[in-house]
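The lines below spell out each chain.
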Amino acid sequence: MSAAQDDRRNPVTLACEDVHVELGGTEILRGIDLTLRSGEVTVLVGPNGAGKSTLFAVLAGDLAPRTGRVRIAADADGRLEDVSSIRPLLLARMRAVQMQDSRLSFAFTARASVEMGRAPWVGTDEEERDDAVVESAMRASETLALAGQQVPVLSGGERARVAFARALAQETGILLLDEPTAALDIRHQERVIATARERAAQGATVLVIVHDLSLAGAYADRIVLLSDGLVVADGSPAEVLDAALLSSVYDYPVTVLNAPGTDERLVVPLRGRAPASPAPSLDTPSSTPLEANA
Amino acid sequence: MTAPLRLAPSPAHPSSATPARAPESVGPADASAPSMRDHRARRAPWLFTLAAVLLALGVLWAGASGQFPISPAQVLDAIWRGATGTATSGDQTRLADATLWNVRFPRVVMALLVGSALAVGGALMQGVFGNPLAEPGIVGVSSGAAAAACIVIVLGLTVLGSWTLVAGAFVGGLAATAVVYSTARQGGRTEVVTLVLTGIAVNAVAGAIIALMTFLGTNATREQIVFWQLGSLNGSRWVHVAVAAPIVVVCLALTALVARPMDLLSLGEKPARHLGVDVERLRIGVIVMVAILTSAAVAFTGIIAFVGLVVPHVIRMITGPGHRILLPASALCGAVLLLYADTIARTAVAYADLPIGLLTSLIGGPFFFYLIRRTRRGAGGWS
């Protein structure tokens, strides 16, 4: 995939300014500015505890920041409005969210669970297209074969794909995906990110959290690297996937290779050269760098 | 594709409130769609038909059973005469009509109303707690309502006339629901252990209040209090029906509004909000409905536990968890269950009216036990 275009004329659809969040007395986010644009896949990366999920919750409207604000393009002209001032139903027509952990309290079938993604459009003209949209979302996530099965008996990866299909079925201009690939095998990892990429190509705004830096490098227009509640790098994969930067942020030596025959970047941990004892840090020691090894 | 599609792609307003359309699928026509549907939902018409037939038979049976024997044909005649206002002829017929219209029919209607209220209250509570084991009787809402009702009786409150008791029960039920809800829930879900422990605590406090009221009360009020704790439909009158019926019918009608959001709530609170559900409003509305339905039932019949647990659970096994079927089916099947249970309770032992709460607990207790074991074995353990 190409690096971020210099052409930044795509409209901003989701933006947060100077976001500070405190949870239990600890400052999790320490002044984050982030703008997401339509047509772009933005990948949010960073070590455990960097604040990725907190920032994600703020952008999704789940968490009100202590200071700062989040605005979303609320009408056809792309005028930005404060997320907290928009009714849940209208917000649900603007952005779809896939959470990391998708559980169902009752034994709905996979199909019924994907159909729930159509709920925001009940009573509109869009309702007519429900069946076609649900089927196409399930085809894209390869969950058609699971349609009649009850979600609680599915495996973790299958449940994640059903949740992804539900987010697709919502057909919103903004897609927020929190680790959609965490439980997936290599084929479905690629397919999920590629599908999100397709949506972006059609004009959607996509924000994805992943831990696999090589996956991020392959599909992102833009990578935002978070560390300790701050954005430490924001740019094209070529700019952000820098061995020195990543080694320092993740506190583990990594190297960045070019995949043979492409300009894709592969982030590989340098095993055996790890620091003898993990440096004291907020991050759990045995974390992300190893996962970067695709 | 079956739906008429507008094939022209929508103008590029990806951020606006118009959907960003995926390219329409290029696969074969949607021939497999029916088989992809939840096959359990197809059983719903059969379930409703069966329940309706059982309901009609149950009314005849309940009318015909009792110390004064009346044939089912006479029951039908009496219903006809009552509905059309035709005068009766003959002392025997008049006596039968009087028995039916003054004693048995109000009790039948009350059983139907209370059964619906308890079953729907249970289904709603399970939905809002995200836990199939939540039930007003188990978590203490019923005993909270009963405790408040006892206070009303012993203190002889009549501020709101015949509604005072219901209003008192409602306040108690609502308070108990609020306590359980704020204690037992975390992140939109409730763990079974927490739920049951909270139920123990609430039941203990409510039991203490009931005990205190028993201690303070006169002989007459004590008798009433005992009746509350056991649960019985004995002594149902049309005046009671006149108070209970509007409450239950309005609540049942309102459940139609919450059915779809309740489905979404089973994803958890945040995902439901992401799909446009105003979760705060929904859960407050549902909790108030649970409290109203439970208190209406408790105020007139005392604590009848487990109906709200067994009925929704069995319906979920038959027609699946979708609330648009679950809620009306619970109303109907709860009514049928309580009608039969009550008829058994008053005819099983000659010249004695068994407390129906005893009967439902006798069946419901072991069923609860089975559910706990099953849930524990299931994926996710105690959740």
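The paragraphs below set out a description of the structure included in this document.

Criteria and thresholds
- Residues numbered from 1 in each chain as written.
- Chains lettered and ligands numbered in written order.
- Predicted model: local features only at pLDDT ≥ 70, side-chain atom pairs only at ≥ 80, totals over all residues.
- Heavy atoms only, no water.
- Helix = DSSP H or I, 4+ residues; strand = E, 2+ residues; numbered from the N terminus.
- Buried < 20%, exposed > 50% of the residue type's maximum accessible area, 1.4 Å probe, protein only.
- Contact = heavy atoms within 4.5 Å.
- Pairing = 2+ DSSP bridges.
- Axes fitted to C-alpha atoms, helices over the stretch in contact; angles between N-to-C directions.
- Core = buried A, V, L, I, M, F, W, Y, C linked by side-chain atoms within 4.5 Å.

## Examining the overall build of chain B
Counting its regular elements, chain B contains 15 helices and two strands. Evaluated residue by residue, chain B yields a buried proportion of 51% over its 383 residues. Of all intrachain contacts in chain B linking residues separated by at least 6 positions in sequence, the fraction that spans at least 24 positions is 76%.

## Some details on the sheet that holds strand β8 (residues 205–209) of chain A
All names here are of chain A. Strand order across the open sheet formed by six strands is β6-β7-β8-β3-β9-β10, with mixed pairing between neighbours. Strand pairing shows two members of the sheet lacking a second neighbour, β6 (95–98) and β10 (230–235), which therefore form its edges. For this sheet, the mean inter-axis angle between neighbouring strands, taken without regard to orientation, is 15°. The strands touched by helix α5 (residues 156–169) within the sheet are β6 and β7 (174–178), with β6 carrying the most contacts at an inclination of about 175°. In the packing of helix α9 (residues 243–250) onto the sheet, contacts are made with β3 (41–45), β9 (222–227) and β10, and the angle to β9 comes to roughly 35°.

## So, the nonpolar core
Of all hydrophobic cores here, the largest spans 140 residues; its most connected members are A:Val45, A:Val206 and B:Leu124. Considering every element that reaches this core, the biggest residue donor is helix α4 (residues 91–129) of chain B, with 15 residues. With sequence-adjacent residues up to four places away left out, A:Val45 is seen in contact with A:Lys52, A:Val210, A:Leu213, A:Ala216, A:Ile223, A:Val224, A:Leu225, A:Leu226 and A:Tyr250. A:Ile32, A:Met94, A:Leu176 and A:Leu226 belong to the second-largest nonpolar core, a separate cluster that totals 29 residues.

## Here's the deal with the sheet that holds strand β1 (residues 12–23) of chain A
Note: strands within a sheet are paired through backbone hydrogen bonds, in either parallel or antiparallel orientation. All names here are of chain A. A sheet is described by the order of its strands in space; here four strands give the open sequence β2-β1-β4-β5, paired in antiparallel fashion. Since the sheet does not close on itself, it has two edges, and those belong to β2 (26–37) and β5 (80–82), each with one partner. When the angles between neighbouring strand axes are averaged without regard to direction, this sheet yields 25°. As paired elements, β1 and β2 share nine bridges and run antiparallel to each other. Paired with Leu-14 across the strands is Leu-36, a residue of β2.

Keep in mind these numbers describe shape, not what the thing actually does.
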